[in-house]
Amino acid sequence: MKMIFAEYLLLSSLVLGVQLFLHQTQRIQFVEVGDTAKIHCSSTENLEGESNMFWYLRREGEKPTCIKHCLDDQNVSKFACKHETHSLTLEINNVQKTESGIYYCAYRYSSYLIFGNGSTLIVGDSYTKSSWVMLLVPFPHGSQVTGTANLACVIHGVSSPVHVSWSVSGELQEHGLTHSLKAKDGSLTLINHISIPMDTWTSGKNFTCEIKFNSSGNSVKKSTRYPAAHPSGCASQTVRYAVAMFLGVLLVSLSLAWSHCCSNPGSTAYAQLEFDSRNRNQSTEQRPVKGKRGKS
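Computed from a predicted structure; not experimentally measured. (Residues numbered from 1 in each chain as written. Predicted model: local features only at pLDDT ≥ 70, side-chain atom pairs only at ≥ 80, totals over all residues. Heavy atoms only, no water.)

*Asks:* Mind laying out the overall build of the protein, listing which residues take part and the relevant values?
*Replies:* Each helix and strand counted, the protein has 4 helices and 19 strands in total. Considering only residue pairs separated by 6 or more positions, the protein has 67% of its internal contacts joining residues 24 or more positions apart. By element, 53% of the accessible surface of the protein is carried by carbon and sulfur atoms, the whole surface being about 15200 Å². (Helix = DSSP H or I, 4+ residues; strand = E, 2+ residues; numbered from the N terminus. Contact = heavy atoms within 4.5 Å. Areas by Shrake-Rupley, 256 points an atom, 1.4 Å probe, with all protein chains shown as cover.)

*Asks:* Outline the sheet that holds strand β17 (residues 207–212), listing residues and values.
*Replies:* Taken in spatial order, the 4 strands line up as β14-β13-β17-β18 in an open sheet, and their pairing is antiparallel. Strands at the two margins of the open sheet, each flanked by one partner only, are β14 (171–172) and β18 (220–224). Bridge count for β17 against β18 is 5 bridges, and the pairing is antiparallel. Bridging across to β18, C209 finds its partner in K222. (Pairing = 2+ DSSP bridges.)

*Asks:* Quick one: what's the story with the state of the cysteines, residue by residue and with numbers?
*Replies:* Linking two cysteines covalently through their sulfur atoms gives a disulfide. In this structure the tally under the stated criterion is 3 disulfides. Two residues share a disulfide in this structure: C70 and C81, whose sulfurs sit 2.1 Å from each other. In this structure the cystine formed by C70 and C81 twists about its S-S bond by roughly -75°; its chirality is therefore left-handed. Taken together, the residues span a long stretch of sequence, with C70 in the loop between β5 (65–69) and β6 (79–84) and C81 in strand β6 at a distance of 11 residues. Each member of the pair, C70 together with C81, is buried. (Disulfide = S-S within 2.5 Å. Buried < 20%, exposed > 50% of the residue type's maximum accessible area, 1.4 Å probe, protein only.)

Note that every value here comes from positions in space, so none of it alone points to a role or purpose.
Here it is, written out as structure tokens:
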């Protein structure tokens, strides 16, 4: 949904022939519960009249909703608009975990809205007792070096969004596309994936998914490379098939729940993915807290 919404924002400006673009440089911001969050938005043209300025919030698994019309003087103790010639800032006082999400600035041009590219706000610690991280990689395909390979990080049981980044042999790559699924208890399961050329995947480089749950704690890292190591022997084969069956059930459940609750025409189906069992020994996995918890 995030990618489709961003493409719509850009397309709307191009269709209108408008030279005004809104840009939000803060891709992600961590704040503690009770603090004041400040989300900035800059413009290529003059921003005139607070009656034309808005802020939208998209929480994980939900549609964007307007939370602030800058002309509105109601609830200013919670949300405040700070307007300058080429910029707009939203201040959120006494911020709470429920206010985590992606914030978009918007400007009304004629009868249309032009949106910024979005800033992710993470309030407090997203980690819970049921949180775990799994890295999914493609099955090896022999000498095949054409097409693309999909790698995915599954982040289960978090209370709010997390920051996910990918690196290839230490070099930071794209942040990936995230799909989310909300459970009945309100917890989230996030699937963040990247698509890479098959020859890059088979090059032997290290691929690392790093998840950051809060501003000051340790991150969780999962790493792999092609070809993925597989255990040998009858007992190991049993373990391998058990893991494969578990993942099959998990992915089918997620796919069915996603299509039923949060269907997205831009979503990607994950088939032929397996768990890289080497992650248990090769990756650094610590709970991202402030020294109050042990290893996960």
